[in-house]
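Understanding the architecture of this molecule
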Amino acid sequence: MVITYPRSERAARARSAVDRLASDGIDAVVFGWVDNAGITRVKSVPLARLEHAAEYGVGAVPCFDRSLVDDSFAAAPAGTGPVGDLRLVPDLDRLVPLAAQPGWAWAPADRCAQDGAPHPSCQRGFARRAAEAVERRGFSVKAGIEVEWVVADAAGAPATLGPAYGMTRVVEFSDYLREVLRALTAQGLTVLQLHPEYAAGQFEVSVAAEGPVEAADTAMLVRHTVRAVSTRHGLRVSYAPVFAEGSVGNGSHLHLSLWRGGRNLAHGGPGRHGLHPDAEQFLAGVLAELPALLALGAPGVASYLRLVPSHFAGAYRCWGLENREAALRLITGSAGGANAEFKCFDAAANPYLVVGGVLAAGLAGLDAGLPLPPETPDDPAATGSAERLPASLPEAIAAYEKSALLRQALGGELYEAVLAVRQAEAELFAGYTDADVLEAVRWRY
Ligand code: GLU
Ligand code: MG
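The model shown is predicted, which means the values in this text are computed figures rather than measured ones. (Residues numbered from 1 in each chain as written. Chains lettered and ligands numbered in written order. Predicted model: local features only at pLDDT ≥ 70, side-chain atom pairs only at ≥ 80, totals over all residues. Heavy atoms only, no water.)

**Observations concerning the site of ligand 1**
E148, E197, E204, V248, G249, G251, H253, R306, F312 and K343 make up every residue found near ligand 1. Residue E148 places a side-chain N or O atom 2.7 Å away from a nitrogen atom belonging to ligand 1. R306 has a polar side-chain atom sitting 2.7 Å from an oxygen atom of ligand 1. Here ligand 1 has 300 Å² of accessible area as a free molecule, and 93% of this is covered by the chains. A class-by-class count of the residues in the shell around ligand 1 yields two nonpolar, three polar and five charged. (Near = heavy atom within 4 Å. Polar contact = N/O pair within 3.5 Å; in protein donor to acceptor, adjacent residues only side chain to side chain. Areas by Shrake-Rupley, 256 points an atom, 1.4 Å probe, with all protein chains shown as cover. Nonpolar A, V, L, I, M, F, W, Y, C, P; charged D, E, K, R; others polar.)

Encoded structure:
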């Protein structure tokens, strides 16, 4: 990851990238990061400025630590709003030409102070710190984030009313889906599945597991790519937690497995369904922190229109083998593929905050030797066998405010900025009807 390289090396790496990109016909490079509200914000430079940007970063306003989904801002500490500058430093390890945006390349950015030190509120930096803490404990993590979206026509209506998982949608959208697949593959991603989802106009793509920070980068790249292909087809894309009132939403499920010494700790162990003790404790840690983690992974008022029973959204604080109403669905199978799927997170979430928060909570579970509670083998929506997760943003905020673990892991500055954004969005939409909330956020993420 690039900020770990010294400035001179970043410049040298950029120089060789410029030659390569110029011969690919690239004119401009866009640097992306995701704010606390879940919106991807960017700066872009002409290719000729990439070297300078890699060395010094490009300017970015720190008040975006407190930007909301509607581009307004939560109040900043007295007098700091318009003042100051951060530098967006592109990670050249992830620099890639964008297959569906000819002439453009993309890189995820770290946010740094002007002297090059990491900005304490950089969400990607938080995820990286959490991943490094896992590595220091002798573990590694493989992660993947599913992307679900609704594709709509120019008027904003779902572009296909074909049945859920229906072949109709693949026929109607075969050119489009093929282009999505080709673009993702051309960008170096390994697509595992691409298919119609349940809600009207909804599709899903999943990609191969990788390191946790890389998985968050990839989630950002996949979303931009789907949007770019959609735009070329005259279509609009929504990643809002829910597109239409009452329907199934857009999840952003996090798949995760803990590894040690080349061994997947979700497979072949003495615990339930082959879990190793370390994996049980890690998952217990995440379950214990889940209500507070929702402030990271279900961050908007609209998130709680999705996180409801009987929507396969994982609205219950429990785990179960292949249980799609459990927040934590355990998936067994091959030694390489067994993993835990956190279903309760949605597509409004900043993937770096989700990854960092889940890893921090899992590590705390390991530290405490937390026992994994009994499994929930049935449908809690039908049997009442498990506790509901927070049912509104204010409930998630209340859990987050009590989380010493997340305060410590995020660091005071990032923790407070996230809190300010959540409180401001809860206030922004107080008194809105559900329909008005969806209207306000449908095209924002
Ligand atoms: N779309 C569902 C959600 O809101 C998930 C469906 C599934 O993949 O199980 O998370
Ligand atoms: Mg799905």
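**Thoughts on the coordination of the magnesium ion (ligand 2)**
Reference values for angles at a metal are 109.5 degrees in the four-donor tetrahedral case and 90 or 180 degrees in the six-donor octahedral case. Here the magnesium ion (ligand 2) is held by the protein donor atoms E148 (OE), E197 (OE) and E204 (OE), which lie 1.9 to 2.1 Å from it. Sequence positions of the donors to the magnesium ion (ligand 2) reduce to the motif E-x48-E-x6-E. On the criterion of sequence distance, the pair formed by E148 in strand β8 (residues 147–152) and E197 in the loop between β9 (191–196) and β10 (202–207) is long-range, its members being 49 residues apart. Judged on exposure class, the residue E148 and its partner E197 are both buried. (Donors = N, O, S within 2.8 Å, 3.2 Å for Na, K, Ca; no water. Helix = DSSP H or I, 4+ residues; strand = E, 2+ residues; numbered from the N terminus. Buried < 20%, exposed > 50% of the residue type's maximum accessible area, 1.4 Å probe, protein only.)

**Some thoughts on unusual backbone geometry**
At H273, a position not held by glycine, the phi torsion is positive, near 55°. Here H273 shows up in the loop between β13 (263–264) and α7 (277–297). A positive phi angle, close to 50°, is found at E322, a residue other than glycine. Along the chain, the position of E322 falls in the loop between β14 (316–321) and β15 (326–331). On the accessibility criterion, E322 (34% relative accessible area) is partly exposed.

**Description of the sheet that holds strand β11 (residues 236–238)**
Taken together, the four strands give an open sheet; going across it, the order is β9-β10-β8-β11, and neighbouring strands pair in antiparallel fashion. What marks the edges here is a single partner per strand, and that holds for β9 and β11. Averaged over all adjacent pairs, the angle separating strand axes in this sheet is 25°, with direction ignored. By the bridge criterion, four bridges tie β8 to β10 in an arrangement that is antiparallel. What sits directly across from W149, in β10, is F203. Packed onto the sheet, helix α5 (residues 174–186) meets β8, β9 and β10 and runs at close to 160° relative to β9. (Pairing = 2+ DSSP bridges. Axes fitted to C-alpha atoms, helices over the stretch in contact; angles between N-to-C directions. Contact = heavy atoms within 4.5 Å.)

**A look at the packing of aromatic side chains**
Going through the model one piece at a time under the given rule, you end up with nine aromatic pairs. Relative to Y432, the ring of F429 lies with its centre 5.0 Å away and its plane at 85°, an arrangement referred to as edge-to-face. Residue classification places Y432 among the partly exposed residues on the basis of a relative accessible area of 39%. Three or more aromatic residues joined by ring pairs make a cluster, and in this case those are W149, F173, Y176 and F203. The ring of Y239 has R223 sitting right over it, with the charged end atom 4.2 Å from the ring centre. (Phe/Tyr/Trp six-rings, centres within 6.5 Å; stacked < 30°, edge-to-face > 60°. Lys NZ or Arg CZ within 6 Å of the ring centre and 35° of its normal.)

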